[in-house]
Structure formats: structure tokens, C-alpha cells
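# What the coordinates show
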Amino acid sequence: MTQKLIEKSKKYLWLPFTQMKDYDEHPLIIESGNGIKVKDIYGKEYYDGFSSVWLNVHGHRKKELDEAIKKQLEKIAHSTLLGMTNVPATELAEKLIELTPEKLTRVFYSDSGAEAMEIALKMAFQYWKNIGKPEKKKFISMQNGYHGDTIGAVSVGSISLFHDVYGALMFESFKAPIPYVYRSESGNPSQCRDECLHTLEQLLIEKHQEIAALSIESMVQGAAGMIVMPKGFLAGARELCTKYDVLMIVDEVATGFGRTGKMFACEHEHVQPDLMAAGKGITGGYLPIAVTFTTEKIYNAFYDDYKKLKTFFHGHSYTGNQLGCAAALENLRLFESEKIVEQVSGKSKDLHFLLLGLDSHPHVGEIRQLGFMCGIELVQSKETKKPFPAEKRMGYHVSLKMRELGMLTRPIGDVIVFMPPLVSSNSELKAMVTIMKNAINEVTTC
Ligand code: PLP
């Protein structure tokens with residue numbers, strides 16, 4: 001039966017972000033989960049060291065979340081949000097607005113982070129059109145940025161490996177540098193920040209009259225390799241957007257809902273975005289709900305008599321799904337009752353010390369961390385920061401070794417991603433870091 005399932009998976013599936021030749025050599029089918037562990041069809045257990053792709057908050061099969069979904073199912077599973085609403089989507093909107101930076105007062109639902117970004121981009125574009133400045137129609141985005149896989153999100157992305165192939169399909173967006181301190185010439189966080197802000201300002205001076213918005217991940221560039229921005233960079237970018245009358249789209253898809261030790265990462269720098277995308281942890285990692293938040297000013301630019309044609313003509317079939325919204329409401333109730341954000345903030349200090357245990361390893365170049373969002377960059381030489389040859393696929397092999405040792409995660413090139421569920425206890429964190437350490441040791445020494 002198990003072998004048959006493996007064969008079926010190889011025969012019928014095409015998995016996301018996966019070279020299927022790799023999958024065929026190392027198949028894996030998860031059957032169940034409990035707490036911060038998942039179990040495969042052979043009964044082998046793994047720590048969920050990347051929160052099932054950066055989503056999970058309370059662990060798997062959290063009783064309260066399971067119950068909330070069952071309770072909602074007794075009423076209705078789904079009805080549309082086109083021209084009407086439903087009970088949990090409405091309650092959730094109020095709750096979300098209580099939690100987001102105060103300038104954000106409106107909630108537009110969708111189903112994935114990429115869609116939430118796509119919506120933010122379209123809203124920004126149409127906003128300027130609706131207020132009579134149609135010339136502001138281009139975007140600035142950040143080098144090495146990642147906002148999801150739809151064409152709009154890819155257009156403001158800049159990860160060569162994923163995006164270059166679609167170059168001809170993308171709309172133009174001007175790229176601004178991001179402070180990647182470890183690989184900068186000076187290695188000095190303030191200098192690197194100031195140089196990048198200076199270049200961004202030059203771009204804005206030259207182009208601001210044609211720029212609708214700047215898009216940026218919040219505090220950490222996740223898919224670029226967990227690159228934590230130096231203090232003051234996000235706030236500096238906000239100041240420049242205000243100065244040059246450009247909307248700021250902040251992407252909190254990966255960082256939102258407690259991941260960095262604040263409810264939203266932009267709170268680290270008291271940044272108030274004009275548009276903000278969120279998803280992933282919003283339902284605790286249970287169901288696909290995403291959100292684009294915006295200000296009353298932007299909302300009002302779309303509010304008029306129908307004949308003025310200012311309507312935002314965008315929506316998805318499952319937008320505002322009741323089961324997802326009910327799970328999200330319960331998730332947010334648990335955030336309060338279990339003080340999740342405070343817990344992450346406290347435990348991330350302990351995690352920092354645990355990760356320091358890896359720092360002396362000859363192939364660990366840099367350990368980056370903000371809250372429970374961590375990346376360990378492996379290098380061939382610690383002294384020169386020289387990377388391993390790409391064809392060695394070091395990160396991939398370390399991750400396979402971790403799988404063998406009982407933990408799942410996905411690398412980004414040679415950066416080992418560690419993003420455990422937010423409820424992970426100190427002893428669980430310790431066990432996971434030990435697996436990581438052993439895997440790095442074994443793979444880099446053979
Ligand atoms: N934005 C950021 C910063 C992300 O990290 C991701 C996914 O990892 C996305 C957007 C896309 O989200 P989704 O996979 O839900 O479309």
C-alpha cells in the first residue's frame with residue numbers, strides 16, 4: 001500500500017519548486033502531524049523545522065483550530081465575497097485591523113501571498129489613475145526580493161534562479177539595492193544601509209514622477225536567504241517613499257503573525273505602510289487565506305458612483321472562505337490567550353544562543369536571525385566567504401541529511417532555513433539545532 005502510494009506520487013504529481021528527478025530519487029509522503037512533528041506513510045517522524053514552508057504557528061492538530069473549523073462546517077463551508085460578505089470574514093476583518101499598524105484600515109482578502117502582493121500592486125497602480133495621476137504607473141522593487149510566483153509578483157521579484165526565465169513576460173520595475181551586509185564591501189551595517197538608501201534616493205529623485213509604489217519585504221528578505229536588514233533601513237525606505245510621494249507596499253507574507261517576535265515585522269521600526277500583504281501564518285498554517293491591507297486614503301480613491309469606473313475589478317472564487325476565516329479568528333484568539341508574540345520574542349533570545357553553537361563551524365559563514373526566522377549560510381571558506389561550488393548542492397544535501405536524522409526543512413541555495421513552528425519549546429529548539437549541527441558536520445566533512 002505504501003509503496004503503491006509512492007509509485008502513484010511519482011506517476012501523477014508535479015510538485016512546486018521541485019526538480020521531479022530529485023523527488024523520484026528521494027520521495028516523501030506525509031500522512032499525519034501532531035504538535036511540531038509530522039509523520040510519513042512509513043511512520044517515521046520529523047520535526048517540522050520550516051513550519052511546512054513558513055506557515056505553522058501552534059503545531060499540527062491544534063485542538064482549538066480543529067474545533068473552530070468543525071464548528072464553522074456545521075454552518076457553511078463557503079459563500080462568495082463578491083458583492084456580499086459572510087460572518088467570519090467580517091469578524092476577522094475587524095480583528096485584523098485592531099492588530100495592524102494604525103494607518104491600515106481596510107482588508108481585501110485573497111488566497112495566497114502572491115495574490116495579496118498582486119492585489120497590492122494593482123491597487124497602487126489604479127490608485128494614481130483614479131486620482132488623476134496616471135503617469136505614476138511604474139514600480140521600484142528590491143534586488144533579491146521575492147513576493148510569490150504570479151507574473152505581477154515575479155515582476156517585482158529579483159531572484160535570478162527563479163525569475164530570469166520569465167523576463168520577457170514581466171513588466172518593468174526598477175531595482176534598488178538591499179543591504180546584504182555579510183557580502184557587502186565594508187561589512188559594516190550602518191555604512192551598507194546608508195549606501196543602499198542613498199542609491200534608492202537617487203533613483204527616486206530621477207524617477208519619482210513615474211513611480212506608483214515601492215515594494216519591499218519587511219525587515220527580512222526570506223527567499224533571498226534570510227537576509228536581515230540592518231537597523232533603520234526599512235524606516236529609511238519609508239521616509240524616502242513619503243518624501244517622493246511614492247506608495248510603500250510592505251510584504252509581510254513571511255514575516256507577519258509573530259514570526260519575527262512582533263505581530264508584524266514593520267513594528268520593529270514603527271513603519272506604517274500604505275499597502276501591506278500578509279498570508280502564511282494568518283490561519284496558523286491551516287488554510288489558504290491571505291490579505292492585502294490598505295489605508296482609508298487609498299480605499300476612498302476607489303469609492304464613487306459606479307459610472308465613474310473607479311471600482312477595483314479583482315477577486316478570486318474562494319476569497320473570504322468561511323472555513324479559513326474561522327480558523328484565522330481562532331488563531332488570533334490563541335495568539336492572545338497563549339501570548340504567542342511575547343513567547344517568540346523571549347524564546348528567540350534562547351534560540352540565538354543555541355545557534356551560536358554553530359558559529360565556530362569552519363563551513364558556517366553567517367548565522368542570520370530575526371525571531372524565529374533564521375538562515376545559516378554555508379561557505380567553502382569562512383575566512384574568504386567563498387561559496388561552495390553551486391554544483392555541489394551543499395544546502396540540498398545537508399537538508400537531505402537532516403531529513404534522515406528526523407527534521408524537515410528546505411534550503412535556499414547553501415542557506416539552511418530554520419523556521420520552526422512558533423510554539424516550539426526550548427528543548428524542541430535544542431533538539432532541532434542539534435540535528436542541524438550534526439547534518440552540517442556530516443555533509444561538509446565528507
Ligand atoms: N511574499 C513573501 C515575502 C514570501 O516569502 C512568499 C512565499 O514564501 C510569498 C510572498 C508568496 O506567498 P504564497 O506562496 O502564499 O503565494
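Scroll up to find the structure.
All values reported here derive from a predicted model rather than from experimental measurement.

## Some thoughts on a nonpolar patch on the surface
A contiguous nonpolar patch, built from Ile 151, Val 165, Tyr 166 and Leu 169 and spanning about 400 Å² of accessible area, is present on the exposed surface. Here Leu 169 lies in the loop between helix 8 (160–163) and strand 6 (173–176). Judged by its relative accessible area of 54%, Leu 169 is exposed.

## Some remarks on the site of the ligand
Neighbouring the ligand are the residues Trp 54, Ser 112, Gly 113, Ala 114, Tyr 146, His 147, Gly 148, Glu 217, Asp 251, Val 253, Ala 254 and Lys 280. Note that an oxygen atom of the ligand is positioned 2.9 Å from one of the backbone N or O atoms of Ala 114. Here a nitrogen atom of the ligand sits 2.6 Å away from a polar atom, N or O, in the side chain of Asp 251. Here the residues of the shell around the ligand are counted per class, giving five nonpolar, four polar and three charged.

## Comments concerning empty space enclosed by the protein
A full pass over the atoms with the stated rule returns one cavity of 30 Å³ or more. Here the largest cavity defines a volume of roughly 40 Å³. Considered class by class, the residues forming the lining of the largest cavity number six nonpolar, three polar and two charged.

## Some thoughts on the sheet that holds strand 13 (residues 364–370)
Taken in spatial order, the three strands line up as 13-14-16 in an open sheet, and their pairing is antiparallel. With one partner strand each, in any of the chains shown, strand 13 and strand 16 (415–418) form the two edges of the open sheet. Direction aside, neighbouring strands of the sheet carry axes that sit 15 degrees apart on average. Two elements, strand 13 and strand 14 (residues 373–378), share six bridges in a ladder whose sense is antiparallel. Counted as the bridge partner of Arg 368 is Gly 375 from strand 14.

## Description of the packing of aromatic side chains
Evaluated as defined, the whole model comprises 10 aromatic pairs. Aromatic side chains Phe 257 and Phe 264 sit 5.1 Å apart centroid to centroid with 70 degrees between the ring planes, which places their arrangement in the edge-to-face category. Judged on exposure class, the residue Phe 257 and its partner Phe 264 are both buried. Each ring, one from Tyr 306 and one from Phe 313, has its centre 6.4 Å from the other, and the planes form 85 degrees; the classification is edge-to-face. In this structure, Lys 136 is placed above the aromatic ring of Trp 128, and the distance from its NZ or CZ to the ring centre is 4.7 Å.

## A word on the sheet that holds strand 5 (residues 138–142)
In space, the seven strands of this open sheet follow the order 4-12-11-10-7-5-6, with mixed pairing throughout. Every interior strand has two partners, whereas the edge strands, strand 4 (104–110) and strand 6, have only one. Taken pair by pair, the neighbouring strands of this sheet meet at an average axis angle of 20 degrees, ignoring direction. Both strand 5 and strand 6 contribute to a ladder of four bridges, which runs parallel. Considered in strand 6, the bridge of Phe 139 is made with Ser 173. Contacting strand 5, strand 6 and strand 7 (211–217), helix 9 (residues 189–207) crosses the sheet at an angle of about 150 degrees to strand 6.

## Things to note about the layout of surface pockets
In this approach the atoms are scanned with a rolling probe the size of a water molecule, which exposes any empty space left behind. Approximately 970 Å³ is the volume attributed to the second largest pocket. If you trace the second largest pocket, you find 32 residues lining it, with Leu 81, Val 107, Phe 108, Tyr 299 and Phe 312 closest to the centre.

## Description of the pairing of strand 16
Neither face of strand 16 is left uncovered, since the one carrying Val 415 and Val 417 and the one carrying Ile 416 and Phe 418 both have all their residues buried. Examined bridge by bridge, strand 14 and strand 16 share four bridges and lie antiparallel to one another. Bridge assignment links Cys 374 to a residue of strand 16, and that residue is Phe 418.

## Focus on the packing of helix 4 (residues 63–73) against helix 12 (residues 322–337)
Relative orientation of the contacting elements helix 4 and helix 12 amounts to 145 degrees, with a least axis distance of 9 Å. Relative to helix 12, the crossing made by helix 4 is right-handed. Across from Glu 64, Leu 65, Ala 68, Ile 69, Gln 72 and Leu 73 in helix 4, the residues of helix 12 making contact are Gln 322, Leu 323, Ala 326, Ala 327, Glu 330, Asn 331, Arg 333 and Leu 334. Tallied by class, residues from the contact of helix 4 with helix 12 come to eight nonpolar, three polar and three charged.

## Quick notes on helix 13 (residues 340–359)
Side chains of residues three or four places apart in an α-helix project in the same direction, reflecting 3.6 residues per turn. For helix 13, spanning 20 residues, the distance from its first C-alpha to its last is 28 Å, which sits close to the expected 28 Å at 1.5 Å a residue. Of all the bends in helix 13, the greatest measures close to 25 degrees and is centred on Ser 348. Of all the residues in helix 13, the buried ones are Ile 340, Val 341, Val 344, Lys 347, Ser 348, Leu 351, Leu 355 and Leu 358. Structurally, helix 13 contributes buried residues whose contacts are with helix 12, strand 13, strand 14, strand 16 and helix 15 (426–445).

## So, unusual backbone geometry
Among all residues save glycine, negative phi is the norm, and among peptide bonds the norm is trans. Positive phi is not limited to glycine here, since Trp 54 has a value of about 70 degrees. Here Trp 54 is to be found in helix 3 (residues 51–54). For Trp 54, a relative accessible area of 13% gives the class buried. A positive phi angle, near 55 degrees, is found at Met 226, a position not held by glycine. Among the secondary structure elements, Met 226 is positioned in the loop between strand 8 (220–221) and strand 9 (227–228).

Calculation criteria
Residues numbered from 1 in each chain as written. Predicted model: local features only at pLDDT ≥ 70, side-chain atom pairs only at ≥ 80, totals over all residues. Heavy atoms only, no water. Patch = residues over 30% accessible without salt bridge, like charges linked within 9 Å, V, L, I, M, F, W, Y side chains within 5 Å. Areas by Shrake-Rupley, 256 points an atom, 1.4 Å probe, with all protein chains shown as cover. Salt bridge = Lys/Arg side-chain N within 4 Å of Asp/Glu carboxyl O. Helix = DSSP H or I, 4+ residues; strand = E, 2+ residues; numbered from the N terminus. Buried < 20%, exposed > 50% of the residue type's maximum accessible area, 1.4 Å probe, protein only. Near = heavy atom within 4 Å. Polar contact = N/O pair within 3.5 Å; in protein donor to acceptor, adjacent residues only side chain to side chain. Nonpolar A, V, L, I, M, F, W, Y, C, P; charged D, E, K, R; others polar. 1 Å grid on protein atoms, 1.4 Å probe; cavity = no way out; pocket = protein on both sides within 12 Å on 5 of 7 lines; lining within 4 Å. Points joined across faces, edges and corners; volume = space filled by probe spheres on them. Pairing = 2+ DSSP bridges. Axes fitted to C-alpha atoms, helices over the stretch in contact; angles between N-to-C directions. Phe/Tyr/Trp six-rings, centres within 6.5 Å; stacked < 30°, edge-to-face > 60°. Lys NZ or Arg CZ within 6 Å of the ring centre and 35° of its normal. Contact = heavy atoms within 4.5 Å. Left-handed = near helix turned anticlockwise from the far one by under 90°. Expected span 1.5 Å × (residues − 1). Bend = angle between axes of the 7 residues up to and from the residue.

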